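# Structural features, examined
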Amino acid sequence: MPRHYCSEEMSTLAQQSGIAEQIAALGAQWLPAEPLRAHTSLGVGGPADMIRLRDHWRLAELMDYLRQRDVRWRLLGGGTNLLVVDEGIEDVVIQLVRQPEGLKFEGSRVEVSTAANLGATVTESAKRNLGGMEGLIGVPGTVGGALHMNAGAYGTQIGDVVRAVTIFRGASGKLEVLRTEEVRFEYRGSSFAPDDILLSVTLELPEKPYAEILERIKQCNQKRRTSQPVNEKSAGCIFKNPPGLSTGKMIDELGLKGTQVGGAVISERHANFIVNRHGATAGDIFKLMDMIRERVHRAYGVALEEEVIVWKN
Ligand code: EPU
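Note that this is a predicted model, so its numbers are computed, not measured.

Let us look at the overall build of the chain. The helix and strand tally for the chain stands at 7 helices and 18 strands. The C-alpha radius of gyration of the chain comes to 20 Å, within 12% of the 20 Å expected for a compact globule of 313 residues. Its C-alpha atoms give the chain principal-axis dimensions of roughly 55 × 55 × 30 Å. A separation threshold of at least 6 residues defines the contact pool for the chain, and within that pool the share at least 24 residues apart is 65%.

Printed below as a string of structure tokens:
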């Protein structure tokens, strides 16, 4: 049952005194009852107490601070594949602040902060004649979010170019460097635990002439612009593709494009996208998702699995 509460009662941390000062002393910023709709590409979601960490190297200290106070937390990346419930989230939401010195190149390798923008990582690498990620160009969000989900498009998956990952292990409370062999990537998933916080990643990229990379980037951008609602508020594809099937095609064949619940609409451009066109609530989106699931199951006998990450209490 959803729990309703007012902003003064958000997280257990908010009820303690001197929090803003203590969090600031840890190199972070305290944002009580921050509306999560402002931090998600879908533009829906209620409030949560947020901590934005500038000094990433102090993550272990921050986590220790939260553990001592028994505070539950979640990590927010770019918020581009996320659906947050309207009543908000009781856990504290941690976000790593993007840093200007996010990318370090060495030969065909680049070490990237997970807070870096994925698209910028693709284009900055291209300028150094490093390709292999062209298909990911229009995928919005951070490098960290892309790694957790093993983001992919147009034949590229980020997991394919990963060499090493520096993570804060939720389970041990320690920083660890994992090599490729120690991480499993699969279709829209990885072996990272939900409480693993990815800090940086080393990518190994094939060398290619800049012009060639640019041409492929242009092709992918063009394909995406014509087949996806890139200028509308969405969280990308809502459901995964079942093996050998296309969810977008099935929803389209059922004639559901343009179906509207409240402010949420099934995109006319790509049926596996739900767009927030008229001030939608998360509730509107959940109703559309339930309807799609039910119709697809009835017509095709397939149980759709969510691709979007859903945050509820
Ligand atoms: N199709 C329709 N109607 C639609 C949408 C698609 O008939 O409304 C047909 C297309 O004509 C095509 C087939 O379905 O024959 C597949 O469509 P598309 O090429 O657009 O790819 P997709 O399988 O729907 C996947 C990823 C996208 C990724 C694209 C391009 C999933 C769930 N989706 O979409 O990823 O951008 O391929 O590689 O894996 C995302 O992860 O959020 C996402 C959007």
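Turning our attention to the sheet that holds strand β15 (residues 260-261). Pairing within the open sheet is antiparallel, and its 3 strands lie in the order β15-β16-β17. Of all the strands in the sheet, the pair left with one neighbour each is β15 and β17 (274-276). When β15 meets strand β16 (residues 264-266), the two strands line up antiparallel, connected through 2 bridges. When the bridges of β16 are listed, Val 261 appears paired with Ala 264.

Right, let's talk about the pairing of strand β5 (residues 92-96) for a bit. Among the 5 residues that make up β5, 4 are buried, leaving the element largely enclosed by the rest of the structure. Pairing of strand β2 (residues 47-53) with β5 involves 4 bridges; the strand directions are parallel. The residue bridging Arg 52 from the neighbouring strand is Gln 95, located in β5. The pairing of strand β3 (residues 73-76) with β5 spans 4 bridges and is parallel.

In the vicinity of the ligand, 15 residues are found, and the nearest of them are Gly 236, Cys 237, Gly 248, Asp 252 and Ala 271. The element that contributes the greatest number of residues to the shell around the ligand is helix α6 (residues 247-253), accounting for 3 residues. A class-by-class count of the residues in the shell around the ligand yields 4 nonpolar, 7 polar and 4 charged.

When we look at burial in helix α2 (residues 59-68), the residues that qualify are Leu 59, Leu 62, Met 63 and Leu 66. The buried residues of α2 occupy one face: seen down the axis, they fall within an arc of 95°. Tucked inside the fold, the buried residues of α2 contact β1 (28-35), β2, β3, β5, β10 (162-169) and β14 (197-204). Directly after α2, the chain includes Asp 70, whose backbone phi takes a positive value near 60°.

Phi at Asn 150 takes a positive value of approximately 50°, unusual for a residue other than glycine. With respect to the secondary-structure elements, Asn 150 resides in the loop between α4 (143-149) and β8 (152-153). When the 21 C-beta atoms within 10 Å are taken as the criterion, Asn 150 is described as buried. Of note in the backbone geometry, Arg 188 takes a positive phi value of approximately 55° without being a glycine. Within the secondary structure layout, Arg 188 lies in the loop between β12 (185-186) and β13 (189-190).

What follows concerns the pairing of strand β11 (residues 174-179). Burial within β11 is sparse, with just 0 of its 6 residues counted as buried. Taken together, the 6 bridges between β10 and β11 define a ladder with antiparallel strand orientation. Each residue of the ladder has a partner; that of Thr 166, found in β11, is Val 177. Following β10, the chain reverses through 4 residues before pairing antiparallel with β11; Gly 173 in that reversal takes a positive phi of roughly 70°.

With that settled, consider the domain arrangement of the chain. Splitting the chain by domain gives domain 1 (7-96), domain 2 (103-226) and domain 3 (229-311). Using C-alpha coordinates to define each centre, domain 1 is positioned 25 Å away from domain 2. Listed as interface residues are 11 residues of domain 1 and, on the opposing side, 14 residues of domain 2. Considering every element that reaches the side of domain 1 that touches domain 2, the biggest residue donor is α2, with 3 residues. Looking at the side of domain 1 that touches domain 2 residue by residue, the classes come out as 5 nonpolar, 6 polar and no charged.

Reading the values: rules and limits
Residues numbered from 1 in each chain as written. Predicted model: local features only at pLDDT ≥ 70, side-chain atom pairs only at ≥ 80, totals over all residues. Helix = DSSP H or I, 4+ residues; strand = E, 2+ residues; numbered from the N terminus. Rg over C-alpha atoms; globule rule 2.2 N^0.38 Å. Contact = placed C-beta atoms within 7 Å. Pairing = 2+ DSSP bridges. Buried ≥ 20, exposed ≤ 12 C-beta atoms within 10 Å, placed from the backbone. Near = placed C-beta within 6 Å. Nonpolar A, V, L, I, M, F, W, Y, C, P; charged D, E, K, R; others polar. Arc of directions from axis to C-beta. Domains from an automatic or database assignment.

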